[in-house]
Amino acid sequence: MSISGKILIKGEWLLGAGASFNAVNPCSAAKSTAVFRSADSDQVALAAIEAAKAFQSYSQLSDQKKANFLRTIGVELEKIRSQIVEWATWETALPEMRINGELGRTIGQLNMFAQLLDKGDWKRPVIDLAQPDRQPLPKPDIRLTQVPLGPVVVFAASNFPLAFSVAGGDTASALAAGCPVIVKAHSAHPGTSELVAGAILAALNECALPTGIFAMLHDDGRTVGTALVTDPSIKAVGFTGSISGGRALYNLAVSRAEPIPFYGELGSTNPVFLLPQALEQQAEQIAASFIAALMMGVGQFCTSPGILIAVKGQALDRLLSSLAEKTPTLPAATMLTAGICHSYQQLCEQRKAMPSLTVIACGESANADQSQAQVALLRVDAKDYLQQGKLEEEVFGPATLVVCCEDSAQLLAVAESLGGHLTAALFADTEDRELAAQLLPILQQRIGRILFDGYGTGVELSSAMSHGGPYPSSTASQSTSVGTRAIERFTRALCYQNTPDALLPIELQNANPNAIMRLVNDRWSSAAINSTTD
Ligand code: NAP
């Protein structure tokens, strides 16, 4: 399947009127023969207008039809699996197995939201029936549901070219909510983006839906992203990427004449606490499992373990020796882009030059011409860590800092110094329970997901999942970008008072034809109700 380099607006592939750029293979620096053209400001405005028009009908579409649309996108993606894998592996240097798995996850996410829509109760309807005889005043009939916000802009992530990109979790949840989506494709994988956008267009046509529901724009600069976030038709933004980029766009979103929600998933260092007894029992096993977690995706996971925290002693010495033994043979690997690799190298060099940090071990040497990253494990005393502050910042890539504490009190002080993170992991034995119990309330205020005896790298698709956390891990700590609750980012509550039954949305009508679970007069029920509002 050839790649046109075009952008997609209202079902048409158009030549972008802005600057041109090529896809680049990060391993060889070879440029694609396909030339990609950025959108210009008129094309951004056109996509936004078309999305706003499509919102009128798409927001009213039944859950069943939206579910069918999401499933059809998955079917269309499956049809072009081999082309997607070919382009994505070339553009990102990620291995075929990883891309195949990520495509499976992407389809799984679309199906998960389709299933949520099938069940019909995702709007969490609440009904408080009227009490006409209440004294001193009658109580009105009040009914609460959720409605979609409007057109959503999604910034595709560089590190998950499928699962957090064009048809990724942000797009799937926004479409499930009833919001049209405009994707700002990531300039690191524009060919993959075009293929995936083509699958979404095929699904729109198959389902006979308005083509304004989805658009995909290219840009390898900042113009398109800025124009999209500030366009008055846009009502929310989903973003995965850097703290600096996310913060700049967040500031734009909230300083508009009409501020809009900005769901940014930004940086996270994902602290791992090795409590004394667990370390004593499992120092060598922890070293092995930690290296496996760090090496996932060349350390380019938002959930990659960036800090290990433990108390000094023989057990920590065993862990450090085991790490020092295993690390030198760890292969260097190509990162997602030359720019990401350059930032990684710079940050590693800065850290290696800091007098308070010492190198535990480094992996095999990296070939800079192939944008390779060398694994880097460093250590610091907790006293110096606490004084320097900046060491908590994310180093995007396969680098980790081991923070060595004098005692448990200092370990708790390190926990208290933390900002917001997506995950924190605890390795804790039964005899560590007391310390774990002291640690948990500290982490509760700073972390989105706390896990035991493992690492946060795998993010399960589950209704109970939360992928977010206090700033800077996310710009909206009350929300999640993974799991079924991600849909709630793109809806708002709407209350109907004394509204005739026939004019209510189906989930609030007395007959409850889909027998969904509702909170009626503070009790859960799927039964029809008798009321006088019709
Ligand atoms: P990024 O630079 O934040 O870019 C993400 C997206 O936002 C891209 O589409 C980018 O456009 C756009 N963008 C960034 N800043 C912008 C601005 N000021 N105005 C308008 N648009 C803007 O992230 P990245 O390219 O994926 O990676 C760069 C760094 O981000 C990495 O080195 C890493 O530190 C961090 N990162 C972290 C995570 C995580 O999950 N924690 C994930 C990915 C990246 P262009 O495509 O034109 O650049």
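What you are looking at is a predicted structure, and each value in this text was computed from that prediction instead of being measured.

Engineer: Can you break down the overall build of the protein chain residue by residue, with the values?
Structural biologist: Counting its secondary structure elements, the protein chain contains 14 helices and 23 strands. Taken over the C-alpha trace, the protein chain has a radius of gyration of 25 Å; the compact-globule value for 534 residues is 24 Å, and the two agree within 12%. If you line up the protein chain on its principal axes, its C-alpha atoms span 75 × 65 × 40 Å. Out of the 534 residues in the protein chain, the part that is buried amounts to 56%. If you take every contact in the protein chain between residues at least 6 apart in sequence, the share linking residues at least 24 apart comes to 75%.

Engineer: Which residues make up the packing of aromatic side chains, and what values do they have?
Structural biologist: Applying the stated criterion across every chain, the model contains 11 aromatic pairs. When the centroid spacing of 5.7 Å and the interplanar angle of 85° are considered together, the rings of Tyr263 and Phe490 count as edge-to-face. With Tyr263 in strand S11 (residues 262–265) and Phe490 in the loop between strand S20 (447–452) and strand S21 (491–497), this residue pair connects regions lying 227 residues apart in the sequence. Taking the relative accessible area as the measure of exposure, Tyr263 reaches 15% and is therefore buried. Three or more aromatic residues joined by ring pairs form one cluster here, namely Phe155, Phe239, Tyr250 and Phe262.

Engineer: Please provide a residue-by-residue account of the pairing of strand S13 (residues 307–311), values included.
Structural biologist: Taken across its 5 residues, S13 has 5 buried, putting it largely inside the fold. As defined by bridge partners, strand S12 (residues 271–274) adjoins S13 across 4 bridges and the pair is classed as parallel. Its bridge partner lying in S13, Leu274 is registered against Ala310. Between the parallel elements S12 and S13, the chain passes through helix H9 (residues 276–295) in a crossover that is right-handed. Pairing between S13 and strand S18 (residues 399–405): 5 bridges, direction parallel.

Engineer: An account of the pattern of salt bridges is requested, with residue identities and associated values reported.
Structural biologist: Taken as a whole and judged by the stated rule, the model has 20 salt bridges. A salt bridge links Asp141 to Arg143, with the shortest nitrogen-to-oxygen separation between them at 2.8 Å. With respect to burial, Asp141 and Arg143 carry one shared label: buried. In this structure, Glu406 and Lys312 form a salt bridge, with 2.6 Å as the shortest nitrogen-oxygen distance. With a gap of 94 residues between them, Glu406 in the loop between S18 and helix H13 (408–417) and Lys312 in the loop between S13 and helix H10 (314–326) connect regions that are remote in the sequence. You can call Lys312 partly exposed: its relative accessible area is 31%. Beyond isolated ion pairs, a larger network of salt bridges with shared partners links Lys312, Arg379, Asp381 and Glu406.

Engineer: How would you explain the sheet that holds S20 if you had to name every residue and give the values?
Structural biologist: In spatial order, the strands read S15-S17-S18-S13-S12-S19-S20; together these 7 strands make up an open sheet with mixed pairing. The two strands at the open ends of the sheet, each matched to only one other strand, are strand S15 (357–362) and S20. Each strand axis lies, on average, 20° off the axis of its neighbour in the sheet, ignoring direction. Note: strand S19 (residues 421–427) against S20, 5 bridges, orientation parallel.

Engineer: Quick one: what's the story with the sheet that holds S21, residue by residue and with numbers?
Structural biologist: Spatial strand order, S21-S6-S5-S22-S23: 5 strands in an open sheet with mixed pairing. Strands with a single pairing partner mark the edges of an open sheet, and in this sheet they are S21 and strand S23 (523–525). When the angles between neighbouring strand axes are averaged without regard to direction, this sheet yields 30°.

Engineer: Residues and numbers for the site of the ligand, please.
Structural biologist: Taken together, 24 residues lie around the ligand, and Ser158, His186, Ser187, Ser242 and Cys302 are the ones closest in. Contact distances for the ligand include 2.9 Å between a nitrogen atom and a backbone N or O atom of Leu266. Coverage of the ligand by the protein amounts to 87% of the 860 Å² it exposes when considered alone. In terms of residue count, helix H8 (residues 243–254) provides more of the shell around the ligand than any other element does, 3 residues in total. Considered class by class, the residues forming the shell around the ligand number 8 nonpolar, 10 polar and 6 charged.

Engineer: Explain the side chain of Glu265 to me, and be specific about the residues and the numbers.
Structural biologist: Examined against the element boundaries, Glu265 turns out to sit in strand S11. At 7.6 Å, Arg489 is the nearest oppositely charged side chain to Glu265, a buried residue that forms no salt bridge. The residues touching Glu265, leaving out its near neighbours within four places in the chain, are Phe164, Phe239, Thr240, Gly241, Cys302, Leu422, His467, Ser473, Ser474 and Ser481.

Engineer: Which residues make up H9, and what values go with them?
Structural biologist: Along its 20 residues, H9 runs just 25 Å from first to last C-alpha, ending more than 12% under the 28 Å computed at 1.5 Å per residue. When the local axis directions of H9 are compared, the greatest deviation, roughly 90°, occurs at Gln282. Those residues of H9 that fall on the buried side of the exposure criterion are Ala278, Leu279, Ala283, Ile286, Ala287, Phe290, Ile291, Ala293 and Leu294. Tucked inside the fold, the buried residues of H9 contact S12, S13, H10, strand S17 (376–381), S18 and S19. Positioned one or two residues after H9, Gly297 has a phi angle of 55°, which is positive.

Engineer: I'd like a description of the pairing of S12, backed by residues and values.
Structural biologist: Side chains of S12 alternate between two faces, with Pro271 and Phe273 and Val272 and Leu274 buried alike. For S12 and S19, the ladder comprises 3 bridges, and the chain directions are parallel. Across the sheet, residue Phe273 finds its bridge partner in S19, namely Leu426.

Engineer: Go over the state of the cysteines, please, and point to the residues and values.
Structural biologist: Scanning the model with the defined rule gives 0 disulfides in all. Looking at the unpaired Cys27, the closest cysteine sulfur is the one in Cys341, lying at 11 Å. Taking the relative accessible area as the measure of exposure, Cys27 reaches 31% and is therefore partly exposed. Cys348 provides the cysteine sulfur closest to Cys341, a residue in no disulfide bond, and the two sulfurs are 9.5 Å apart.

Engineer: Describe in detail helix H14 (residues 433–444), supporting the description with residues and values.
Structural biologist: In this model, H14 (12 residues) spans 16 Å end to end at C-alpha, consistent with the 16 Å of a helix rising 1.5 Å per residue. Every buried residue of H14 is accounted for by Leu435, Ala436, Leu439, Ile442 and Leu443. Looking straight down H14, one finds that the buried residues subtend no more than 120° of arc, so they occupy a single side. Residues of H14 that are exposed and point over 90 degrees away from its buried face: Arg433, Glu434 and Gln444.

Engineer: Go over the environment of Glu431 with me, naming the residues and quoting the values.
Structural biologist: Its location among the elements puts Glu431 in the loop between S19 and H14. In the structure, Glu431 is positioned 27 residues away from Cys404 in sequence and 20 Å away in space, judged by C-alpha atoms.

Conventions used here
Residues numbered from 1 in each chain as written. Predicted model: local features only at pLDDT ≥ 70, side-chain atom pairs only at ≥ 80, totals over all residues. Heavy atoms only, no water. Helix = DSSP H or I, 4+ residues; strand = E, 2+ residues; numbered from the N terminus. Rg over C-alpha atoms; globule rule 2.2 N^0.38 Å. Buried < 20%, exposed > 50% of the residue type's maximum accessible area, 1.4 Å probe, protein only. Contact = heavy atoms within 4.5 Å. Phe/Tyr/Trp six-rings, centres within 6.5 Å; stacked < 30°, edge-to-face > 60°. Pairing = 2+ DSSP bridges. Right-handed = clockwise from strand over helix to strand, strands pointing away. Salt bridge = Lys/Arg side-chain N within 4 Å of Asp/Glu carboxyl O. Axes fitted to C-alpha atoms, helices over the stretch in contact; angles between N-to-C directions. Near = heavy atom within 4 Å. Polar contact = N/O pair within 3.5 Å; in protein donor to acceptor, adjacent residues only side chain to side chain. Areas by Shrake-Rupley, 256 points an atom, 1.4 Å probe, with all protein chains shown as cover. Nonpolar A, V, L, I, M, F, W, Y, C, P; charged D, E, K, R; others polar. Lys, Arg positive; Asp, Glu negative; His and termini not counted. Expected span 1.5 Å × (residues − 1). Bend = angle between axes of the 7 residues up to and from the residue. Disulfide = S-S within 2.5 Å. Arc of directions from axis to C-beta.

Any functional reading would require information beyond the geometric quantities listed.
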